[in-house]
Every structure is written in structure tokens, then in C-alpha cells.
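If you want the building blocks of each chain, they are given just below.
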Amino acid sequence: MAFELPPLPYAQDALEPHYSANTLSFHHGKHHQAYVTKLNELTEGTDDAKKSLEEIIKSSSGGLFNQAAQVWNHTFFWNSMKPGGGGAPSGALAEAIDKAFGSLDKFKEEFKTKGVGQFGSGWVWLVKDGGELKIVTTGNAETPLTGGATPILTCDVWEHAYYLDYQNRRPDFLQSFLDNLVNWDFAAKNFDAA
């Protein structure tokens, strides 16, 4: 069965004014779709066509890995945002963030600093690794899945993720993501399942 582009978990204009329908149209409808299309081309008629994205990511390298990981990473990113997002987490996740980083504000500061500092294209992640919360960055299509960490939340810092709305202002995009878009409910589910 061919891989398909997952639908967005909200309307294309639902994240405005912090993330525009125009950006989502290009980022989801063109960039993400291109990864899905290429993944299907690479897996057609092979045993990989019957595997899950996670199985392909953990067992492949090169172009196949890049396409599968980008499909997975982008799907995770869409779910890491929600209309009316931002604010603060609650419950066990909030306690774990306070324990790991000292406070939500310190978490945000470190998440933004690491996201801004990711050279070139990549991702900034909140992960659970060895029972602890950590902030890590990955370049290009890399994902914490290959290192055994459990992704909790991510922000895409590839330039195409924000350029139409923020031009070269990655710090502003990350601040807006944290203040207005982050989906703490999604993060809490990932944390609880880890």
C-alpha cells in the first residue's frame, strides 16, 4: 500500500496570523507531499513498501532514510502545533519540564537558543531520553527515533518552514511557535506514552 500525505490536523488557515495558510499550502501541500511521492517511488515493488515509516527509518540510510524521516518528521511537526496553542503545559509534563530545566521560561529559552543555533536545515526537539527530558537538534532529515529517544515535541527550522512569514528571522518564528502555536496536549500524550 502506498504511503499517503496525512491531512493537516486543522484547517489550512487555522494557525493564522502566526503561521499563514500560504506557508502551510507550500510546506504541507508541496514540500511534505514531495517527500511522500519520492518515498513511494523508492519503495514501490520492494519489501520496504510493506513497512511502517518507523521501520524504514530505523533500517535504512541514504535517500530512502531521508524521504521516510522527512515524512515522519513533518507529520510530527504539524501535530506539535494547534490553533490557539502556546500557554503552558500541565500535569506530569509541566513537572518534568520544571525538574529538567528549572522553569517553563528556561525551557523556552533553551529550546529557542538551540533552534536558532541549529546550523543550516534541521529540527529542534523536546525528547525523553533515559527517563529525562532533553532538548536536542538534528540536521536535515535526522530524527531522535534513530538514537532511541522518544520525541515529545518538535519545531521545523528548515528555512522553508518559516520564510514566507518570517523571512530570515528564525528567532521570531521560534518565539511565535512557543508563545502561540505549541500543542502542549500533543506533547503531554507523547510524554505519558514514553
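It should be noted that the structure appears before, not after, this text.
The residue count restarts for each chain, going from 1 along the sequence in the order it is written. Per-residue local features of the predicted model are confined to residues with pLDDT of at least 70, and side-chain atom pairs are confined, for both listing and counting, to 80 or more; whole-chain, interface and lining totals are unaffected and use all residues. Side-chain descriptors were evaluated using all non-hydrogen atoms of the structure, hydrogens and water having been removed beforehand.

Asker: Hey, could you run me through the environment of serine 90 in this one?
Answerer: In this text, helices come from DSSP runs of H or I with a minimum length of four residues, and strands from runs of E with a minimum of two, each type numbered from the N-terminal end. Summarising the element assignment, serine 90 is placed in the loop between helix H3 (62–79) and helix H4 (91–101). Taking relative accessible area as the criterion, serine 90 reaches 58% and is therefore assigned exposed. With 88 residues separating them in the primary sequence, serine 90 and leucine 178 have C-alpha atoms 15 Å apart. To sort residues, take the accessible area from a 1.4 Å probe on protein chains only and compare it with the maximum for the residue type: under 20% means buried, over 50% means exposed, and anything in between is partly exposed.

Asker: Would you mind showing me how to read the packing of aromatic side chains here?
Answerer: Centre distance and the angle of the planes are the two values used to describe a pair of aromatic rings. Any pair of Phe, Tyr and Trp rings, taking the six-membered ring for Trp, is counted once the centres come within 6.5 Å. Such a pair is stacked with planes under 30 degrees apart, edge-to-face with planes over 60 apart, and tilted for the rest. Scanning the model with the defined rule gives 16 aromatic pairs in all. The ring of phenylalanine 26 is capped by lysine 30, whose NZ or CZ atom sits 6.0 Å from the centre of that ring. By definition here, charges over rings are those cases where NZ of Lys or CZ of Arg is within 6 Å of the ring centre and within 35 degrees of the ring normal. The ring centre of phenylalanine 191 lies 4.6 Å from the NZ or CZ of lysine 128, which sits over that ring.

Asker: It is not clear to me how the nonpolar core should be interpreted in this structure. Could you clarify?
Answerer: Across soluble globular proteins, nonpolar side chains have a tendency to be buried as a group. Among the buried residues, those of types Ala, Val, Leu, Ile, Met, Phe, Trp, Tyr and Cys that are joined through side-chain atoms within 4.5 Å form a nonpolar core. Tyr19 and Phe107 are the most contacted members of the largest nonpolar core, which totals 57 residues. Ranked by residues supplied to this core, first place goes to H3 with nine residues. Sequence-distant contacts of phenylalanine 107, defined by excluding residues within four places in its chain, comprise Ile97, Phe101, Leu126, Ile135, Leu178 and Trp184. Residues are treated as being in contact if the distance between any of their heavy atoms lies within 4.5 Å.

Asker: So what exactly am I meant to see when it comes to the environment of glutamine 175 here?
Answerer: As for its placement among the helices and strands, glutamine 175 is situated in helix H7 (residues 170–181). A C-alpha to C-alpha distance of 8.2 Å links glutamine 175 and lysine 108, two positions 67 residues apart in sequence.

Asker: I would appreciate a short explanation of the side chain of asparagine 40 in the present structure.
Answerer: Within the element layout of this structure, asparagine 40 appears in helix H1 (residues 21–43). The residues contacting asparagine 40, other than those within four sequence positions of it, are Ala2 and Phe3.

Asker: Mind showing me how you'd approach the pattern of salt bridges here?
Answerer: Note on pairing: side chains with opposite charge can pair once their charged atoms come close. Salt bridge, as used here: a side-chain nitrogen of Lys or Arg that lies within 4 Å of a carboxyl oxygen of Asp or Glu. Enumeration according to the criterion identifies seven salt bridges in this entry. Between lysine 108 and aspartate 179 there is a salt bridge, with the nearest N and O atoms lying 3.6 Å from each other. One end of the pair, lysine 108, is in helix H5 (residues 104–117); the other, aspartate 179, is in helix H7, with 71 residues separating them in the sequence. Assessed through its relative accessible area of 15%, lysine 108 is described here as buried. Accessibility expressed as a relative area gives 34% for aspartate 179, which makes it partly exposed. Here lysine 134 ties to aspartate 129 by a salt bridge, and the two come within 3.4 Å at their closest N and O atoms. Given a relative accessible area of 29%, aspartate 129 falls into the partly exposed group.

Asker: Mind showing me how you'd approach the pairing of strand E3 (residues 150–156) here?
Answerer: Note on strand geometry: in a regular strand, side chains alternate between the two faces of the sheet. Counted residue by residue, E3 has six buried out of seven residues, so it is predominantly covered. Pairing between two strands is assigned when DSSP locates at least 2 bridges connecting them. Examined bridge by bridge, strand E1 (residues 122–129) and E3 share six bridges and lie antiparallel to one another. Bridge pairing in E3 places valine 124 opposite cysteine 155.

Asker: Honestly, H4 in this entry has me stumped. Any pointers?
Answerer: Note that an α-helix has 3.6 residues per turn; residues three or four places apart therefore point the same way. All buried positions along H4 are accounted for by Leu93, Ala94, Ala96, Ile97 and Phe101. End-on view of H4: buried residues confined to an arc of 165°, all on one side of the axis. Exposed and facing more than 90 degrees away from the buried side of H4 are Glu95 and Lys99. Considering only its buried residues, H4 is in contact with H5, E1, strand E2 (132–139) and helix H8 (184–193). Glycine 102 occupies a position one or two residues after H4 and carries a positive phi of about 100°. Directions are taken from the helix axis to each C-beta atom, and the arc is the one they span.

Asker: Is there a simple way to think about the sheet that holds E2 in this case?
Answerer: Sheet strands pair via backbone hydrogen bonds, and the direction of the pair is either parallel or antiparallel. Spatially, the three strands line up as an open sheet ordered E2-E1-E3, and their pairing is antiparallel. The sheet is open, and its two borders are formed by E2 and E3, each paired with just one other strand. Taking each pair of neighbouring strands and ignoring which way they run, the sheet shows an average axis angle of 25°. Convention adopted: a line fitted to C-alpha atoms gives each axis, helices being fitted over their contacting stretch, and angles between N-to-C directions are expressed from 0 to 180 degrees. Relative to E2, H4 is tilted by about 80°, and along the sheet it contacts E1 and E2.

Asker: Which parts of the structure should I look at to understand the side chain of glutamine 118?
Answerer: Along the polypeptide, glutamine 118 turns up in the loop between H5 and E1. Pairing of N or O atoms within 3.5 Å defines a polar contact, subject to two protein rules: one partner must be a possible hydrogen donor and the other a possible acceptor, and residues neighboring in sequence count only if both atoms are side-chain atoms. A distance of 3.4 Å separates a polar atom in the side chain of glutamine 118 from the backbone oxygen of serine 121. Once you skip the residues sitting within four places of it in the chain, glutamine 118 turns out to touch Trp123, Thr137, Thr138, Gly139, Val157 and Arg170.

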